[in-house]
Amino acid sequence: MSDFGELVFIFASASVINNFTLAYFLGLCPFFGVTGRLDTALRLGLANIFVLLITSFAAWVLNTFILVNAPYLRLISFIVVIASTVQFVEMAIKKLSPALFRALGIFLPLITTNCAILGLALFQTSRGYGLVEGLVFALGAGVGLTLALVIMAGIRVETEVNGVPELVRGTAMSFFIAGVLSLAFMGFAGLFSSA
Amino acid sequence: MSPRQPERHFGPELLKGLWRENPVFIAVLGLCPALAVTNSLLNGLVMGAATAFVLIGAATIVSLLRRLIPSQVRISTYIIIIATFVTVVDFLLAALMPEAHKQLGAFIALIVANCVILGRIEAFASKNPVGVSVADAVGMAGGFTLALSMIGAIRELLGSGSLLGFDVMGPRFEPWAIMILPPGGFLSMGVILAVFAYLEKRKARASEAASHPRDGEAAR
């Protein structure tokens, strides 16, 4: 029971309380870059969840079996292994499920350079998560990223048809929206304080 | 083989990164470190210095090796070179400034994923000789550090009422706690970008008025 509770806490913490985008500022490039439309934001989020899960597994394998004696190679091996794994998975999906490949589209390769992915691997290492905890952490982080992307896209679509002052139209406005969203997500911190 | 590059000079390459092509405020790159660690001026400076070390080192190496790196695998080569320098700076900070290293945490390692570095290396250092590449890297790193210090100073001043840990706002000042929390990062960046947009617009209007004094009035 306590194990399960621990997992629920990891999930909730990664998805809403310490949301990767809004609290840790990870993955900001897609957050400001592709949130112009709702459906692309959702697809990017799903592709992110997928890659995060793979990354978490790859990082666990590296940490447990390979990097035990050479921790100073951690960063270099992480980035090389993650980039090539994602590339490999991309090829596999293209072969096995063209429909899924089309749905994810250009976003799959782009995600490789997303700092949220490397961030996940590093946080997982520094917190000493095992395999199951790591996967739950990855799922939570992915859900959190998707949530932030979709909400952001929804609000930005609205601001396009409304009278935003010319001076802050575009990037500056996106930062203000992100600030308010981040403020709102801070409220989730109260979720577990009584426990 | 490669098309002839236009003549490059040290001065302009060095200076452009500081303001006119500032990586954070103009190109809006490298946001992750620019917002995540800038809740105080000191953190901004340390992060800027660490990034500068990586950028200058990687740009030098890549520029020296630019004829040896096959173009098919160039991005992965750059990433490995960058990751090596980041590992070095990570251990350096852990040894020299353990307190700051603990505060910055995983964000030092995340310098690898900073798009300012890969962007400058791909766009500049891989195509230009060592001298100007280093000048470009120094300028961009300076601009990046400047931007981080600016955001860090604003957030520390309003959020803690101090600068570099010294109390400057006096005892009557009520700190805006929000500024050192994540939302403060987004909000200060938004305000800075709006100020830049305003300056840009005013400059455009001034130069327009100077070149066509009568057209400008007729249009209104």
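These numbers were taken from a predicted model, which means no experiment stands behind them.

Side note on the overall build of chain B
Counting its secondary structure elements, chain B contains ten helices and two strands. Beginning at the N terminus, the succession of helices and strands in chain B can be written as α-α-α-α-α-α-α-α-β-β-α-α. Taken along its principal axes, the extent of the C-alpha atoms in chain B is 65 × 60 × 25 Å. Intrachain contacts of chain B at a sequence separation of at least 6 include 75% that bridge at least 24 residues. As presented, chain B carries roughly 11100 Å² of accessible surface, and 67% of it is formed by carbon and sulfur atoms. Counting 18 positive and 14 negative side-chain charges, chain B places the centres of these two groups 6 Å from one another.

Quick word on the overall build of chain A
In terms of regular secondary structure, chain A is built from ten helices and zero strands. Moving toward the C terminus, one meets the helices and strands of chain A in the order α-α-α-α-α-α-α-α-α-α. Whereas a compact globule of 195 residues would reach a radius of gyration of roughly 16 Å, chain A reaches 18 Å, a difference of no more than 12%. Principal-axis analysis of the C-alpha atoms places the extent of chain A at approximately 60 × 50 × 30 Å. In chain A, which comprises 195 residues, the proportion classed as buried is 47%. Summarising the internal contacts of chain A: among those between residues at least 6 apart in sequence, 77% fall at separations of at least 24.

Some words on the interface of chain B and chain A
With 33 residues of chain B at the contact, the number on the chain A side is 31 residues. For the pair chain B and chain A, the two sides together bury roughly 2700 Å², of which 88% comes from carbon and sulfur. Ranking the residues of chain B by area buried against chain A places L110, P182 and F186 of chain B at the top, with a combined share of 21%. For the pair chain B and chain A, the interface holds zero salt bridges. Between chain B and chain A we count zero residue pairs in polar contact (both at pLDDT 80 or more) in total. For the side of chain B that touches chain A, the secondary-structure elements that each account for two or more residues are α2 (31–36), α4 (74–96), α6 (106–109) and α9 (182–211) of chain B. The element contributing the most residues to the side of chain B that touches chain A is α9 of chain B, with twelve residues. Grouping the amino acids of the side of chain B that touches chain A by side-chain chemistry returns 29 nonpolar, three polar and one charged.

Description of helix α8 (residues 130–159) of chain B
Taking 1.5 Å of rise per residue, the 30 residues of α8 of chain B would be expected to cover 44 Å, and the 42 Å separating its terminal C-alpha atoms lies within 8% of that figure. Of the residues trailing α8 of chain B, G161 of chain B is marked for its positive phi of about 70°.

As for the side chain of S56 of chain A
Here S56 of chain A lies in helix α4 (residues 38–66). Accessibility expressed as a relative area gives 1% for S56 of chain A, which makes it buried.

Concerning the packing of aromatic side chains
Geometrically, a pair of aromatic rings is defined through the distance of the ring centres and the angle of the planes. Residues and elements named next belong to chain A. A full pass over the atoms with the stated rule returns eleven aromatic pairs over all chains. Residues F185 and F188 carry aromatic rings whose centres are separated by 5.4 Å and whose planes lie at 65° to one another, so their mutual orientation is edge-to-face. Every member of this aromatic cluster is reached through a ring pair, and the members are F20, Y24, F123, Y129 and F137.

A look at a nonpolar patch on the surface
Residues and elements named next belong to chain B. A contiguous nonpolar patch, built from L14, L15, L18, W19, V138 and L146 and spanning about 510 Å² of accessible area, is present on the exposed surface. Looking at the nonpolar patch, the elements with two or more residues in it are α1 (10–16) and α8. Tracing the chain through its elements places L18 in the loop between α1 and α2. Given a relative accessible area of 32%, L18 falls into the partly exposed group.

Comments concerning the pattern of salt bridges
Residue and element names in this part refer to chain B. Using the criterion set out here, one finds two salt bridges over all chains in the structure. A salt bridge links E122 to R74; its shortest N-O distance comes to 2.9 Å. Linking E122 in helix α7 (residues 115–125) with R74 in helix α4, this pair joins segments that are 48 residues apart in sequence. Between D136 and R120 there is a salt bridge; the shortest N-O distance is 3.0 Å. One end of the pair, D136, is in helix α8; the other, R120, is in helix α7, and 16 residues separate them in sequence. A relative accessible area of 2% means that D136 is categorised as buried.

Focus on the packing of helix α3 (residues 41–64) of chain B against α7 of chain B
Residues and elements named next belong to chain B. Packing of α3 against α7 leaves a shortest axis separation of 10 Å and a crossing angle of 30°. Between α3 and α7, the crossing angle belongs to the class labelled roughly parallel. As for how α3 packs across α7, the hand of that crossing is right-handed. Of the residues in α7, those in contact with T51, V54, L55, A58, A59, V62 and S63 of α3 are I117, R120, I121 and A125. When grouped by side-chain class, the residues that make up the contact of α3 with α7 number eight nonpolar, two polar and one charged.

Description of the confidence of the model for chain A
With 91% of its residues at a pLDDT of at least 70, chain A reaches an overall mean of 82. The spread of mean pLDDT over the elements of chain A runs between helix α7 (residues 107–111) of chain A, the lowest at 69, and helix α9 (residues 131–161) of chain A, the highest at 89.

Details of the packing of helix α10 (residues 171–186) of chain A against α9 of chain B
Across the interface, α10 of chain A lies against α9 of chain B with an axial gap of 8 Å and an inter-helix angle of 165°. Compared by their axis directions, α10 of chain A and α9 of chain B come out roughly antiparallel. Remark: the crossing between α10 of chain A and α9 of chain B carries left-handed chirality. Two secondary-structure elements touch here, α10 of chain A through T171, A172, F175, F176, A178, G179, S182, L183 and M186 of chain A and α9 of chain B through P182, P183, F186, L187, M189, G190, V191, L193 and A194 of chain B. Considered class by class, the residues forming the contact of α10 of chain A with α9 of chain B number 14 nonpolar, four polar and no charged.

What counts and how
- Residues numbered from 1 in each chain as written.
- Chains lettered and ligands numbered in written order.
- Predicted model: local features only at pLDDT ≥ 70, side-chain atom pairs only at ≥ 80, totals over all residues.
- Heavy atoms only, no water.
- Helix = DSSP H or I, 4+ residues; strand = E, 2+ residues; numbered from the N terminus.
- Contact = heavy atoms within 4.5 Å.
- Areas by Shrake-Rupley, 256 points an atom, 1.4 Å probe, with all protein chains shown as cover.
- Lys, Arg positive; Asp, Glu negative; His and termini not counted.
- Charge placed at Lys NZ, Arg CZ, Asp CG, Glu CD.
- Rg over C-alpha atoms; globule rule 2.2 N^0.38 Å.
- Buried < 20%, exposed > 50% of the residue type's maximum accessible area, 1.4 Å probe, protein only.
- Buried area = accessible area lost by both parts, 1.4 Å probe.
- Salt bridge = Lys/Arg side-chain N within 4 Å of Asp/Glu carboxyl O.
- Polar contact = N/O pair within 3.5 Å; in protein donor to acceptor, adjacent residues only side chain to side chain.
- Nonpolar A, V, L, I, M, F, W, Y, C, P; charged D, E, K, R; others polar.
- Expected span 1.5 Å × (residues − 1).
- Phe/Tyr/Trp six-rings, centres within 6.5 Å; stacked < 30°, edge-to-face > 60°.
- Patch = residues over 30% accessible without salt bridge, like charges linked within 9 Å, V, L, I, M, F, W, Y side chains within 5 Å.
- Axes fitted to C-alpha atoms, helices over the stretch in contact; angles between N-to-C directions.
- Parallel < 35°, antiparallel > 145°, perpendicular 65-115°, else oblique.
- Left-handed = near helix turned anticlockwise from the far one by under 90°.
- pLDDT = per-residue confidence, 0-100.

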